[in-house]
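Listed here are the chains, written in short residue letters.
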Amino acid sequence: MNMIGLDDHIYIQQLDYWKNVYGFRMSSMRHFDLLEADVSTVDPDCVVTDPATFMTLDAQTATVENLQFKSDICIKVNRSCVMTALASYFDTHFATSPDQKEISFSCSPSAPATHWKQTVFILKDPITVHEGDTLEGEIQVEKQKNHKRALHVILKLKQMRNGEELSKIGQDYLIQ
């Protein structure tokens, strides 16, 4: 599984929608857009980081317990911008034996679209990043106790530049 950073102002527009809904201020609804991760197709031109792999699973040996994890992550920024979101996606590879040709596909924004799309985590507070910055920290994924298919994702990241911490990102998300 991989994580990337995005500069896509569609997510800011999505949050700003709640400021004026047919003349009504409904800003308190913004919280729900920030709480739930969004499964959607990411525009590859909006990707502003190198992909960072945070989890590798062998589908032939993985267990249900492997799907709950905490993993370190380091995402390198490759374009200066205002980062509005993070997104995750997976690549998969199939081969039943070492002498068989591998079959693979990717759910990356730069690959042909699949029905799995990408999972977008909108940042509550977009951050200004510069080429060469890194986002370092951890991602934790756990099953929801009262909903078998739902996940709770916790992101704890620090924006680093030349060894100096500039800002922190700490958000929880639901995937349902």
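Just so you know, these numbers come straight off a predicted model, no measurement behind them. (Residues numbered from 1 in each chain as written. Predicted model: local features only at pLDDT ≥ 70, side-chain atom pairs only at ≥ 80, totals over all residues. Heavy atoms only, no water.)

Draft legend 1. Representation of the overall build of the chain in the model. Scanning the chain for helices and strands turns up two helices and 11 strands. Going from N to C terminus, the chain has its helices and strands arranged as β-α-α-β-β-β-β-β-β-β-β-β-β. For the chain, the C-alpha radius of gyration of 17 Å lies close to 16 Å, the compact-globule estimate for 176 residues. With the principal axes as the frame, the chain shows a C-alpha extent of 60 × 40 × 30 Å. Per-residue burial over the chain gives 39% buried out of 176 residues. Here the analysis covers contacts within the chain between residues at least 6 apart in sequence; of these, 68% occur between residues at least 24 apart. Summed over all atoms, the accessible surface of the chain reaches about 10,800 Å², with 52% contributed by carbon and sulfur. Distance between charge centres in the chain, computed from 17 positive and 24 negative side chains, equals 7 Å. (Helix = DSSP H or I, 4+ residues; strand = E, 2+ residues; numbered from the N terminus. Rg over C-alpha atoms; globule rule 2.2 N^0.38 Å. Buried < 20%, exposed > 50% of the residue type's maximum accessible area, 1.4 Å probe, protein only. Contact = heavy atoms within 4.5 Å. Areas by Shrake-Rupley, 256 points an atom, 1.4 Å probe, with all protein chains shown as cover. Lys, Arg positive; Asp, Glu negative; His and termini not counted. Charge placed at Lys NZ, Arg CZ, Asp CG, Glu CD.)

Draft legend 2. Main features of the sheet that holds strand E4 (residues 69-76). Strands sit in the order E4-E9-E10-E11 across an open sheet of four strands; the sheet is antiparallel. If you trace the sheet from one side to the other, it starts and ends with E4 and strand E11 (164-175), each paired once. Between one strand axis and the next, the sheet turns through 15 degrees on average, direction left out of account. (Pairing = 2+ DSSP bridges. Axes fitted to C-alpha atoms, helices over the stretch in contact; angles between N-to-C directions.)

Draft legend 3. Seen up close, the pairing of strand E10 (residues 147-161). Across 11 bridges, the pairing between strand E9 (residues 134-144) and E10 is antiparallel. Among the inter-strand pairings, Lys143 is bridged to a residue of E10, identified as Leu151. In this structure, the hairpin formed by E9 and E10 is closed by a connection of two residues. Across 11 bridges, E10 lies against E11 in antiparallel orientation. By the bridge assignment, Gln159 is partnered in E11 with Ser167.

Draft legend 4. Quick look at the pattern of salt bridges. Within this structure, the stated rule accounts for four salt bridges. A salt bridge links Asp133 to Arg161, with the nearest nitrogen and oxygen atoms 2.7 Å apart. Of this pair, Asp133 sits in the loop between strand E8 (118-129) and E9 while Arg161 sits in strand E10; the two residues are 28 residues apart in sequence, bridging distant segments of the chain. Assessed through its relative accessible area of 26%, Arg161 is described here as partly exposed. Lys168 is the salt-bridge partner of Glu165, the closest N and O atoms lying 4.0 Å from each other. What makes Lys168 exposed here is its relative accessible area of 61%. Several salt bridges converge on common partners, so that one network encompasses Lys158, Glu165 and Lys168. (Salt bridge = Lys/Arg side-chain N within 4 Å of Asp/Glu carboxyl O.)

Draft legend 5. The side chain of Ser167, seen in detail. With respect to the helices, strands and loops of the structure, Ser167 is situated in strand E11. Engagement of the side chain of Ser167 in a polar contact is seen with the side chain of Gln159, the distance being 2.7 Å. Those residues in contact with Ser167 that sit more than four places away from it in its chain are Ile127, Leu157, Lys158 and Gln159. (Polar contact = N/O pair within 3.5 Å; in protein donor to acceptor, adjacent residues only side chain to side chain.)

Draft legend 6. Just the state of the cysteines, in detail. On inspection of all chains with the given rule, the structure shows zero disulfides. Cys74 takes part in no disulfide bond, and the closest cysteine sulfur, belonging to Cys81, lies 16 Å away. Judged by relative accessible area, which is 44%, Cys74 ranks as partly exposed. For the unlinked cysteine Cys107, the closest cysteine sulfur is that of Cys46, found at 18 Å. By relative accessible area, which is 2% here, Cys107 ends up buried. (Disulfide = S-S within 2.5 Å.)

Shape descriptors only; they carry no functional weight alone.
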